[in-house]
Amino acid sequence: MANITKKVSWSSRADESGATAEGTRLLNGSEPRRLIQFSEGRSLFQIGRLSTVDLEEEMMSEEQESLRGRPKEIPHNEKLLSLKYESLDYDNIENQLFLEEERRMGYMNFRCLEISRWVVCGLIGFLTGLIACVIDIVVEQLAGIKYQVVKKLQEPGWVVASLNGLKLKELLPSHSMVRQIQTHCSETVDPPIAAGSGIPQIKCYLNGVKIPRVVRLKTLLVKVFGVICSVVGGLAVGKEGPMIHSGAVVAAGVSQGRSTSLKRDFNYIFEYFRRDTEKRDFVSAGAAAGVSAAFGAPIGGVLFSLEEGASFWNQMLTWRIFFASMISTFTLNFFLSIYHNKPGDLSNPGLINFGRFENNSQSVAYNLYEIPFFIAMGAIGGLLGALFNILNYWLTIFRIRYVHRPCLQVMEAMLVAAVTATVAFTMIYFSNDCQPLSSEHAEEYPLQLFCADGEYNSMATAFFNTPEKSVRSLFHNQPRTYNPLTLGLFTLTYFLLACWTYGLAVSAGVFIPSLLIGAAWGRLCGILLASSGSMWADPGKYALIGAAAQLGGIVRMTLSLTVIMVEATGNVTYGLPIMLVLMTAKIVGDYFVEGLYDIHIKLQSVPFLHWEAPGTSHWLTAREVMSSPVTCLNKIEKVGTIVDTLSNTSTNHNGFPVVVQVTGGDEPAKLCGLILRSQLIVLLKHKVFVELARSRLTQRKLQLKDFRDAYPRFPPIQSIHVSQDERECMMDLTEFMNPTPYTVPQETSLPRVFKLFRALGLRHLVVVDEENRDSKVVGLVTRKDLARYHLGKHGLEELQLAQT
């Protein structure tokens, strides 16, 4: 197999001779010269129109070197997509083996399977809630220890040194573990799979893209340990985002009944669920359980999975996901109540507790004339979110190009930790915002530092409290608790620090930093309105609106985020203002740049499919989108031909139409089925050859269990040994192929093809020359074929110009 490496390369980049670099091959052999033409005169902020990722393939032999000049399969490739991402086989393969197994199962077997699904979802919710509880307790204990250490070292000469020492002490273990799993599991140029929040990767998985190593046990262990160290280390990060990734990993592991990392197989427990169809459904439940554990929002978790997943959910699946979310919230509540010596007091629904916004005062309730102020704050959140995403985009480009080595990534993480501590100390030193210490304030770790006795430093408290507690204090502290200058400086510095921190090779999320930034400038808006004589302008209320606006401006989530915020605040009265704010932030932010997660997905060149096809794509048909020519296999095919087809490094096909030749005529072969690469590899491994079956008196018939045992890590074709005599044998694909693949005529419009992929979770769509399925196969549409055409704003106009 060719060694695929990835680097950032601008489309207009040329070598010294003025031509594009020789040997740099784009996906499916498209011409780099055309991309140079497209990149001239563009706005750099239109992420959808940038060709930022190039694929460089190191050839391993002279034979592979000669493949560079092979014929181009798709000459209209405008998007650069990574070859390492493949689609999930969500569609059931209804071959003879599958149908025979389904027929043998009685009514009770199906009922037991349904009960097993509910049991698995319950286990997912329980384990996810337990992991969230462990993270919360450990973070709280370590934060208390750090607070006591800093409190003893409050002399000016020791504070900054102690801050830097504590941050580096907590950060380095996190970064070391993240880099360790990266070194052992993937190329050094790729971003560590355990770094960041993991939400972009889970979004891609729910979208139908198989992300390497995203749901492994090693990833979960590093994610949990890393997020604890990152949060306690004082970086501008949160622990709520990684919970979504953690829940997804738990779901993927529990549902399979075995662990490939631990090399343990628990016999036949949940063996039926070892396929992409079931695994992806359970990962949806795990992601929802993670949202529920993070924010105490079970309904928001369900809507998150629904918003990021596919539209082919059924009612029972939705109920199972909701069940997992409720179990996760209950588990976290129960164990935290025991930890706080209040057994049975279920008052901690999630890792972050906003506190309840009660309508028992006129200042907390909002009025109709405040809605324009809320919408204006939503616009501000959209602008600040767009600025955040643009800055983070260029930082990510810089990291991919120059900070891709492990040693450089460690140095960057240390630099960020040191700068964060130094900036915090500088802000505290020059701040004179000293507040009287009383029982009315919600700070858990107040620091006196440079204030008089009986007072605490608001700036120090904002930096030293955990981000969750800082958000809560901004929501619920009494008016005049914070100085406007303190809030303004804190917003500016934390905004820049959070932007720099997101993307480091450490486990961290962006949810809480976004909420904290928005709560700070939102409370500032409330203070300014109140100072103008507006008695109804409660700072805590406007802190909530600002938090929603900032988070919506960065991540661009609407439906699920609205429900999450409503559930987290415990007050449905704010549902309408939050919805209007999030919609405004998304509209304003989308005018400049995409959401943060979408940007990182594009930078990784993932073939991500949005909900709808581009609005003006009806003039495109399946003939212009499909890959052609297509490698087809005969119904009874020669083993040598199959081995050569799978070993051909010039193609990356994972599905092959199966055709049958019409005897006694010159008509082309007719389509009779579709078979996957993974199926062919299992058949070759077990040597399911016609001649061997005839020569043996008894032979064990291949079953679906043999395919499930190989799932999900099917062996590469290079590991399958086939002798020269076996190459001359024949293989009958009739029993194993999918006899009813989805087909469309070549004149089908692109929006219709797009809807079939998104609604049915397809991986391959066969294109025929006529409407009936017995026609000649003329092409094959895959996810990557469709992803090329979703170019973003004005992308279709450029495509039409290129074709003319």
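Fair warning: this is a prediction, and the values are worked out from it, not measured in the lab.

Trainee: A description of the packing of aromatic side chains should follow, citing residues and the corresponding values.
Mentor: Counted under the stated rule, the structure contains 17 aromatic pairs. Geometrically, the ring pair formed by Tyr393 and Trp394 is edge-to-face, given 5.1 Å between the ring centres and 70° between the ring planes. On the basis of relative accessible area, Tyr393 is assigned to the buried category, the value being 1%. For the pair Tyr711 and Phe714, a centre-to-centre distance of 6.3 Å together with 70° between the ring planes defines the contact as edge-to-face. Taken together, the ring pairs connect Phe126, Phe330, Phe334 and Phe335 into an aromatic cluster.

Trainee: Break down the packing of helix α12 (residues 371-402) against helix α18 (residues 539-555) for me, citing the residues and quoting the values.
Mentor: Each pair of packed helices gets described by two things: the angle between the helix axes and the distance between those axes. Running from N to C, α12 and α18 cross one another at 40°; their axes reach a closest spacing of 7 Å. When the interaxial angle is binned, α12 and α18 end up oblique. In the packing of α12 onto α18, the handedness of the crossing is right-handed. Contacts between α12 and α18 involve Phe373, Phe374, Met377, Gly378, Gly381, Gly382, Leu384, Gly385, Ala386, Phe388 and Asn389 on the former and, on the latter, Lys541, Tyr542, Ile545, Gly546, Ala549, Gln550, Gly553 and Ile554. Counted by class, the contact of α12 with α18 contains 10 nonpolar, eight polar and one charged residues.

Trainee: Can you break down the nonpolar core residue by residue, with the values?
Mentor: Membership of the largest hydrophobic core comes to 131 residues, with the highest contact counts inside it found for Phe475 and Leu515. With 11 residues, helix α17 (residues 511-531) is the largest single contributor of residues to this core. Not counting residues up to four positions away in its chain, the partners in contact with Leu515 are Ile352, Phe354, Val471, Ala547, Leu551 and Met565. Within the second largest apolar cluster, 31 residues are counted, among which are Leu680, Val688, Leu702 and Leu733.

Trainee: Can you lay out the confidence of the model for the protein chain for me, pointing to particular residues and giving the numbers?
Mentor: With 77% of its residues at a pLDDT of 70 or more, the protein chain shows a mean pLDDT of 77. Considering only residues more than four positions removed or in separate chains, one finds that residues 1-79, a stretch of pLDDT under 50, has 167 contacts. pLDDT under 50 marks residues 791-804. Its contacts with residues more than four places away, or in other chains, come to 31 contacts.

Trainee: Outline the environment of Arg788, supporting the account with residue identities and numerical values.
Mentor: Here Arg788 lies in the loop between α29 (783-787) and α30 (795-803). For the pair Arg788 and Leu81, spaced 707 residues apart in sequence, the C-alpha separation works out to 7.9 Å.

Trainee: Give a description of the pattern of salt bridges that names residues and reports values.
Mentor: Per the stated rule, a full pass over the model turns up 21 salt bridges. A salt bridge links Arg763 to Asp89, with the nearest nitrogen and oxygen atoms 2.9 Å apart. Placement of Arg763 in the loop between α28 (750-760) and β15 (764-768) and of Asp89 in the loop between β3 (86-87) and α3 (96-104) is noted, with a sequence separation of 674 residues between them. The buried category is assigned to Arg763, whose relative accessible area is 10%. A relative accessible area of 18% means that Asp89 is categorised as buried. It is possible to trace a salt-bridge network through shared partners that takes in Glu114, Arg117, Arg275, Glu278 and Arg320.

Trainee: Give me the sheet that holds strand β14 (residues 743-745): which residues, what numbers.
Mentor: Strands in a sheet are paired, the pairing made by backbone hydrogen bonds, and the direction either parallel or antiparallel. Across the sheet, three strands lie side by side as β14-β15-β16; this open sheet has mixed pairing. In this open sheet, the two strands that pair with only one neighbour each are β14 and β16 (777-782). Strand-to-strand twist of the sheet, defined as the mean angle between neighbouring strand axes without regard to direction, takes the value 30°. In the packing of α28 onto the sheet, contacts are made with β14, β15 and β16, and the angle to β15 comes to roughly 145°.

Trainee: A description of the side chain of Asp89 should follow, citing residues and the corresponding values.
Mentor: Polar side-chain contacts of Asp89 include one of 2.9 Å to the side chain of Arg763. If we ignore the near neighbours within four places in the chain, the residues touching Asp89 are Asp276, Thr277, Leu676 and Arg763.

Trainee: Can you explain the pairing of β15? Please cite residues and give values.
Mentor: A large share of β15 lies buried, amounting to five of its five residues. Residues His764, Val766 and Val768 of β15 are buried on one face, and the alternating residues Leu765 and Val767, pointing to the opposite face, are buried as well. Taken together, the three bridges between β14 and β15 define a ladder with parallel strand orientation. By the bridge assignment, Thr743 is partnered in β15 with Val766. Tracing the backbone out of β14, into α28 and back to the parallel element β15 gives a crossover that is right-handed. Examined bridge by bridge, β15 and β16 share five bridges and lie antiparallel to one another. Paired with His764 across the strands is Thr782, a residue of β16.

Trainee: Describe the environment of Pro349, with residues and values.
Mentor: By the element assignment, Pro349 lies in the loop between α11 (315-339) and α12. Residue Pro349 is classed as partly exposed on the basis of its relative accessible area, which comes to 27%. Considering only alpha carbons, one finds Pro349 and Ala568, 219 residues apart in sequence, at a separation of 8.3 Å. Not counting the four nearest positions on each side in its chain, Pro349 is found in contact with Ser292, Ala293, Gly296, Thr329, Leu332 and Asn333.

Trainee: So what about the pairing of strand β11 (residues 655-660)? Which residues, and what values?
Mentor: In terms of burial, β11 is a largely internal element, five of the six residues being buried. Where strand β9 (residues 633-634) lies against β11, two bridges are found, and the strand directions are parallel. Bridge assignment links Asn634 to a residue of β11, and that residue is Val659. Note: β11 against strand β12 (residues 670-676), six bridges, orientation antiparallel. Residue Gly655 lies in a different strand from β12, and its bridge partner there is Leu676.

Thresholds, definitions, all that
- Residues numbered from 1 in each chain as written.
- Predicted model: local features only at pLDDT ≥ 70, side-chain atom pairs only at ≥ 80, totals over all residues.
- Heavy atoms only, no water.
- Phe/Tyr/Trp six-rings, centres within 6.5 Å; stacked < 30°, edge-to-face > 60°.
- Buried < 20%, exposed > 50% of the residue type's maximum accessible area, 1.4 Å probe, protein only.
- Axes fitted to C-alpha atoms, helices over the stretch in contact; angles between N-to-C directions.
- Helix = DSSP H or I, 4+ residues; strand = E, 2+ residues; numbered from the N terminus.
- Parallel < 35°, antiparallel > 145°, perpendicular 65-115°, else oblique.
- Left-handed = near helix turned anticlockwise from the far one by under 90°.
- Contact = heavy atoms within 4.5 Å.
- Nonpolar A, V, L, I, M, F, W, Y, C, P; charged D, E, K, R; others polar.
- Core = buried A, V, L, I, M, F, W, Y, C linked by side-chain atoms within 4.5 Å.
- pLDDT = per-residue confidence, 0-100.
- Salt bridge = Lys/Arg side-chain N within 4 Å of Asp/Glu carboxyl O.
- Pairing = 2+ DSSP bridges.
- Polar contact = N/O pair within 3.5 Å; in protein donor to acceptor, adjacent residues only side chain to side chain.
- Right-handed = clockwise from strand over helix to strand, strands pointing away.

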